[in-house]
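Listed here are the chains, written in short residue letters.
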Amino acid sequence: MAIDKIWVVAEAFEVKTITSSLELLTKARELAGTVEAFTWGGDTASYAAELGSFGATKVHTAGDLGGALPGGPVAAAMAAQMEADGAPDAVLIPATYDGRDIAGRLSAKLDRPVLTNVVDLSSDPDGLVSHHAAFGGAQIVKARFGAGGKPGIFVVRAKSFAAEPSGGAEPEVVNVAVPDLGSAAGAVIKQRHVEEHTGPKLDEAAIVVSGGRGLGDKDKYAMIEELAKLLKAAPGASRAIVDAGWVPYSYQVGQTGKTVKPTVYIACGISGATQHMVGMKGAKNIVAINK
């Protein structure tokens, strides 16, 4: 079955599309004849050209949400647009906090299931096939939606694909009205906290140096940060020392933390380092340093 149209949820921050959404646009171009983006915010026009350069021919936008949490309004706007103009064959959603919220609410609106923790997508004569990491990435299992009904809703992990521009033209931007949600739209964002950091972002770094409980105490983590700085790498951490309060959660690497795909990964003092590093799709050099 040919895949005619795919929508990609394009999440943006500070007038720039997040890398995960650009990765999904890149993959969608490979799978479908038409790729469209669905986004929100009052500044969509400022990054619409970027979405077009990654293959989106049309950008649907729910506009300024007035500080509301995106999940409810965006899912409702998507469902209303599908009811009016027809649903795409699939919706690809990045596995961010807002993305997962949108996926769950869209599933409820459309009465359609969701396939999550997707690490790859392929197609065959019967449609899209999703690939999922199981047992910490030691096994890959495949799934598909049953025949009949659309769209298929897929929540895809970061770093599953490379983000590559196609040189596409600037897309058409279509404003989509958000239906009245009543009390469901009562939750609003009062404040955002963005942690300051130097050097590459953990989930985008080519080199990652992670520390674990085997370092001995909180003060020893400074060695990890110093080594990361010397290597122009990003510092990471195991769940154990995040839970212990040595470093913020934003440093955590693994199934319950950030997905990384470095060229070099150095794990220092991490118990069960092999299991910790399972699922690092694409890492070319992995070094475990323990006592």
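The structure displayed is predicted, hence computed values, not measured ones. (Residues numbered from 1 in each chain as written. Predicted model: local features only at pLDDT ≥ 70, side-chain atom pairs only at ≥ 80, totals over all residues. Heavy atoms only, no water.)

What should I look at first to understand the nonpolar core in this one?
Nonpolar side chains in soluble globular proteins tend to be buried together. Counting 27 residues, the largest nonpolar core has Ile6, Val8, Leu25, Leu51, Leu92, Leu121 and Phe154 as its most contacted members. Where this core is concerned, the elements lending two or more residues are strand 1 (5-9), helix 1 (19-31), strand 2 (34-39), helix 2 (44-53), strand 4 (90-94), strand 5 (114-124) and strand 8 (152-156). When residues in this core are grouped by element, the largest group, 5 residues, is from helix 1. Not counting chain neighbours up to four residues away, the residues in contact with valine 8 comprise Ser21, Leu24, Leu25, Ala28, Val35, Glu36, Ala37, Phe38 and Leu92. Listed in part, the 21 residues of the second largest apolar core include Ala75, Met78, Val155 and Val176. (Core = buried A, V, L, I, M, F, W, Y, C linked by side-chain atoms within 4.5 Å. Buried < 20%, exposed > 50% of the residue type's maximum accessible area, 1.4 Å probe, protein only. Helix = DSSP H or I, 4+ residues; strand = E, 2+ residues; numbered from the N terminus. Contact = heavy atoms within 4.5 Å.)

In this structure, what is going on with the side chain of lysine 27? I would like to understand it.
With respect to the helices and strands, the residue lysine 27 is situated in helix 1. Accessibility expressed as a relative area gives 9% for lysine 27, which makes it buried. A distance of 2.9 Å separates the side chain of lysine 27 from the side chain of glutamate 30, its partner in a polar contact. Not counting chain neighbours up to four residues away, the residues in contact with lysine 27 comprise Asp120, Leu121 and Phe161. (Polar contact = N/O pair within 3.5 Å; in protein donor to acceptor, adjacent residues only side chain to side chain.)

Explanation requested: the sheet that holds strand 7 (residues 139-143) in the structure shown.
Spatial ordering of the open sheet is given by 7-6-5-8-4-1-2-3-9, a layout of 9 strands whose pairing is mixed. Single-partner strands in this sheet number two, and they are strand 7 and strand 9 (172-175). Across the sheet, the axes of successive neighbouring strands diverge by a mean angle of 35°, strand direction being ignored. Here 5 bridges tie strand 1 to strand 2, and the two strands are oriented parallel to one another. Note on strand 2: the bridge partner recorded for valine 9 is phenylalanine 38. (Pairing = 2+ DSSP bridges. Axes fitted to C-alpha atoms, helices over the stretch in contact; angles between N-to-C directions.)

Read these as layout, nothing more, since geometry by itself doesn't imply function.
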